[in-house]
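# An overview of the molecular structure
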Amino acid sequence: MAENQLAYVTDAMRRGWISGQGPYNDRAAELLAKVTGARHVLLCTSGTTALDLAALTFDPGPGDEIIMPSFTFVSSANAFVLRGAVPVFVDCRPDTLNIDEERIEAAITERTRAVMVVHYAGVACEMERIGKIAERYGLAVIEDNAHGLGGSYRGRPLGSFGSMAALSFHATKNVQCGEGGAVLLADDRLAERAEILREKGTNRRQFFRGQVDMYRWVDVGSAFQPSEIAAAHLAAQLEAFDEIQGRRHAVWNHYHQALAGWAKEQGVALPAVPDGCAHPAHLYYLLLPDLANRQALIGHLKERGVQAVFHYSPLHSSPAGRRYGRPAPGGCPVAENAADRLLRLPLYADLDESACARVVDAVTGYRVS
Ligand SMILES: *Cc1c(COP(=O)(O)O)cnc(C)c1O
């Protein structure tokens, strides 16, 4: 728990004003702007509602296509499906498990409006190439940056590449408040609209700033802003960001060094971090040679008191993915294969060295068959 977490939450409750528009919402947004360099930060009640707000602001027409990886969380796709758009699922790279930039062009049609990137484990997608493709075809870039707060690509923070980026502060993320999220925007006009959409389609925010003399219903919208209690929790976590990140990097580096020899010998791949990418130690995963070994290792670790879990089931082949979207030409064989082979190790800021060593011992006691 971050140092000021309880104190801030208690303070928010004592103030008696716990709906969304208060000092802790402002403070958390300010801290996020500092970490990400974003011009506009709109806190939301979850990463999922942040993506909903981003999609609502982006405003695709029915049947418009959004290119995105198959290997991601359902919320990346749901946000656009709810707006009547069609996700077109692109396969991932075998090394980073990010969208394969070389397969994006083949997925573009007349209906394509945007490319959504997801920086898996906070390791950046190949943004230079993707940016060039987007520019050539006149497409927007949108970032689902739920994993990547604090990560960067060639020195530039993740979340600053797209016209919009979504963050998540779900309990499983590096910085969290149980359920929370944010949209980052660079463009003033887009941000102005997003602010109205987040405020049930009213210009209430402009009213509170004294820009209009009454607030009215001016657009569509919904309620996406978190309460002061969640924002207080988040603000305390963000103040402790460097410390949290330091501890997570210590766990990540411990695993990476201690598992290298075993992985090489056993034909297991460890996370790849290409040159120019600084990752935020969000996930540590192994890629076993096949499904049978992945399942066997889960059992082996469980017997030794280590809980390790797999990750995404590819969207293109899921029931809703088939109904609402389609795979890009060539399908997504790499994503299907990676989903079968991937195993995540426990990674928390409060995992101390002896706990890490126990995990490593349990893993290296396994022999691939
Ligand atoms: C966690 C996550 C989300 C959703 O965030 P919630 O805060 O859980 O709603 C969206 N996309 C990705 C890639 C995520 O990892």
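Residues numbered from 1 in each chain as written. Predicted model: local features only at pLDDT ≥ 70, side-chain atom pairs only at ≥ 80, totals over all residues. Heavy atoms only, no water.

### Comments concerning the UniProt feature "modified residue: N6-(pyridoxal phosphate)lysine" (unreviewed entry) in the protein
- UniProt's feature table lists "modified residue: N6-(pyridoxal phosphate)lysine" (unreviewed entry) at Lys173, given in the numbering used throughout.
- As for its position among the elements, Lys173 is in the loop between strand 8 (164–168) and strand 9 (181–185).
- Judged by relative accessible area, which is 16%, Lys173 ranks as buried.
- Ignoring anything within four residues of it in the chain, the contact list for Lys173 reads Ala146, His147, Ser168 and His282. (UniProt positions renumbered as here; feature names shortened; annotations may be inferred. Helix = DSSP H or I, 4+ residues; strand = E, 2+ residues; numbered from the N terminus. Buried < 20%, exposed > 50% of the residue type's maximum accessible area, 1.4 Å probe, protein only. Contact = heavy atoms within 4.5 Å.)

### Overview of the pairing of strand 5 (residues 140–144)
- Where burial is concerned, most of strand 5 is hidden: 5 out of the 5 residues are buried.
- The two faces of strand 5 match: Ala140, Ile142 and Asp144 on one face and Val141 and Glu143 on the other face are all buried.
- Bridging between strand 4 (residues 112–118) and strand 5 involves 5 bridges; their strand directions are parallel. In the strand pairing of strand 5, Met116 is matched with Ile142.
- Viewed along the sheet, the connection from strand 4 through helix 5 (residues 127–137) into strand 5 turns out right-handed.
- Pairing geometry for strand 5 and strand 8, over 3 bridges, is parallel. Note that in strand 8 the partner of Asp144 across the bridge is Ala166. (Pairing = 2+ DSSP bridges. Right-handed = clockwise from strand over helix to strand, strands pointing away.)

### Comments concerning the domain arrangement of the protein
- Assigned domains of the protein: these are domain 1 (5–239) and domain 2 (241–364).
- On a C-alpha basis, the centroid separation for the pair domain 1 and domain 2 is 25 Å.
- Contacts between the two partners involve 46 residues from domain 1, matched on the other side by 38 residues from domain 2.
- Both sides of the domain 1 and domain 2 interface together cover about 3400 Å² of buried area, and 63% of this is carbon and sulfur. (Domains from an automatic or database assignment. Buried area = accessible area lost by both parts, 1.4 Å probe.)

### Some thoughts on the site of the ligand
- By nearness alone, 15 residues border the ligand, and Gly47, Thr48, Asp144, Ser168 and Lys173 come closest of all.
- Here Asp144 contributes a side-chain N or O atom positioned 2.7 Å from a nitrogen atom of the ligand.
- Lys173 has a polar side-chain atom sitting 3.2 Å from an oxygen atom of the ligand.
- Relative to its unbound accessible area of 380 Å², the ligand is 93% covered by the protein chains.
- Sorting elements by how many residues they give to the shell around the ligand places helix 3 (residues 47–58) first, with 3 residues.
- Within the shell around the ligand, the residues separate by chemical class into 5 nonpolar, 8 polar and 2 charged. (Near = heavy atom within 4 Å. Polar contact = N/O pair within 3.5 Å; in protein donor to acceptor, adjacent residues only side chain to side chain. Areas by Shrake-Rupley, 256 points an atom, 1.4 Å probe, with all protein chains shown as cover. Nonpolar A, V, L, I, M, F, W, Y, C, P; charged D, E, K, R; others polar.)

### Some points on unusual backbone geometry
- Even without being a glycine, Ala121 presents a positive backbone phi close to 60 degrees.
- On the secondary structure map, Ala121 appears in the loop between strand 4 and helix 5.
- The backbone of Lys200 shows a phi angle near 55 degrees, a positive value even though the residue is not glycine.
- Relative to the assigned elements, Lys200 resides in the loop between helix 6 (188–198) and helix 7 (204–208).
- A residue is classified by how much of its surface remains accessible, and Lys200, at 46% relative accessible area, is partly exposed.

### With respect to the sheet that holds strand 4
- Taking strand neighbours across the sheet as the criterion, the 8 strands line up as 1-9-8-5-4-2-3-12 in an open arrangement whose pairing is mixed. Either end of the sheet is taken by a strand with one partner, and the two such strands are strand 1 (40–44) and strand 12 (326–327).
- Sheet topology places strand 3 (residues 86–90) next to strand 12; 2 bridges connect them, and they run parallel. Following the sheet pairing, Val88 is matched in strand 12 by Arg326.
- Running at roughly 20 degrees to strand 1, helix 6 makes contact with strand 1, strand 8 and strand 9 of the sheet. (Axes fitted to C-alpha atoms, helices over the stretch in contact; angles between N-to-C directions.)

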